[in-house]
Amino acid sequence: MLRLSALIAALALLPFMAPARAQTPLEAGARIYAKKCSECHGARLRNPGTSFDLKKLKADERARFEKSVLDGKGQMPPWRGALSEEQIGQLWAYVREYAYE
Ligand code: HEC
């Protein structure tokens, strides 16, 4: 009986013993995208045809990405001050993961 209760106590503690897993940049980027960008750029980067297809950005276009995001472009508001450098890097990781090439 004693052993059973010890086992139950150990099992109850398990969720708290699992090491906290840090979010990867990709996961963080996906979250920020869903909150701030998907409304215009489409859920999961699926371009609704009314803005810019972010999957078209190429690997060497990070500077263009950052500039457009920070300064805004056309109908898109600037995100300077609203997003940190780190968050923009996470968004870039997300965009690159699903890019066409
Ligand atoms: C209110 C709608 C809206 C939101 C929200 C929005 N965008 Fe945009 N975005 C646009 C539109 C419209 C364009 C096309 C601008 C143009 O070329 O006139 C665009 C263009 C872009 C471009 C390409 C500009 C280029 O270099 O040609 C990037 C990169 C971009 N958006 C990233 C983002 C990211 C990242 C987010 C989320 C933080 C975001 N956008 C949120 C509407 C939006």
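Note that the structure is predicted; figures quoted are calculated from it, not measured. (Residues numbered from 1 in each chain as written. Predicted model: local features only at pLDDT ≥ 70, side-chain atom pairs only at ≥ 80, totals over all residues. Heavy atoms only, no water.)

Participant: Where do I start with the coordination of the iron atom of the ligand in this structure?
Facilitator: Note on metal sites: the ideal angle is 109.5 degrees for four tetrahedral donors, and 90 or 180 degrees for six octahedral donors. Around the iron atom of the ligand, the protein contributes the donor atoms His41 (NE2) and Met76 (SD), which lie 2.0 Å from the metal centre. Viewed at the metal, the six donor atoms of the iron atom of the ligand are separated by angles of 81 to 179°, and the geometry they form is octahedral. Of the two residues, His41 sits in helix H2 (residues 25-41) while Met76 sits in the loop between helix H3 (62-71) and helix H4 (85-97), which places them 35 residues apart along the sequence. Classification of His41 by relative accessible area gives buried; the value is 11%. (Donors = N, O, S within 2.8 Å, 3.2 Å for Na, K, Ca; no water. Tetrahedral: all angles 85-135°; square planar, octahedral: opposite > 155°, others 65-115°. Helix = DSSP H or I, 4+ residues; strand = E, 2+ residues; numbered from the N terminus. Buried < 20%, exposed > 50% of the residue type's maximum accessible area, 1.4 Å probe, protein only.)

Participant: What should I look at first to understand the layout of surface pockets in this one?
Facilitator: Leftover empty space is mapped by rolling, across the atoms, a probe with the size of a water molecule. Space inside the largest pocket adds up to approximately 550 Å³. Residue assignment for the lining of the largest pocket shows that the elements contributing at least two residues are H2, H3 and H4. Ranked by the residues each element gives to the lining of the largest pocket, the list is headed by H2, at six residues. Of the residues assigned to the lining of the largest pocket, the class counts are 14 nonpolar, six polar and four charged. (1 Å grid on protein atoms, 1.4 Å probe; cavity = no way out; pocket = protein on both sides within 12 Å on 5 of 7 lines; lining within 4 Å. Points joined across faces, edges and corners; volume = space filled by probe spheres on them. Nonpolar A, V, L, I, M, F, W, Y, C, P; charged D, E, K, R; others polar.)

Participant: Would you mind showing me how to read the site of the ligand here?
Facilitator: Near the ligand lie 19 residues; those nearest to it are Cys37, Cys40, His41, Arg64 and Met76. At 3.0 Å from an oxygen atom of the ligand is found a side-chain nitrogen or oxygen belonging to Lys73. Judged by the proximity of its atoms to the pocket grid, the ligand belongs to the largest pocket. Put simply, the parts of the chain that give the shell around the ligand at least two residues each are H2 and H3. Class assignment of the residues belonging to the shell around the ligand gives a composition of eleven nonpolar, five polar and three charged. (Near = heavy atom within 4 Å. Polar contact = N/O pair within 3.5 Å; in protein donor to acceptor, adjacent residues only side chain to side chain. Sits in = over half its atoms within 2 Å of the grid points.)

Participant: Would you mind going over the nonpolar core with me for this structure?
Facilitator: In globular proteins that are soluble, nonpolar side chains generally tend to be buried together. Membership of the largest hydrophobic core comes to 16 residues, with the highest contact counts inside it found for Tyr33, Phe65, Leu83, Leu91 and Val95. Looking at this core, the elements that each hand over two or more residues are H2, H3 and H4. Ranked by residues supplied to this core, first place goes to H4 with five residues. (Core = buried A, V, L, I, M, F, W, Y, C linked by side-chain atoms within 4.5 Å.)

These figures capture arrangement, not role.
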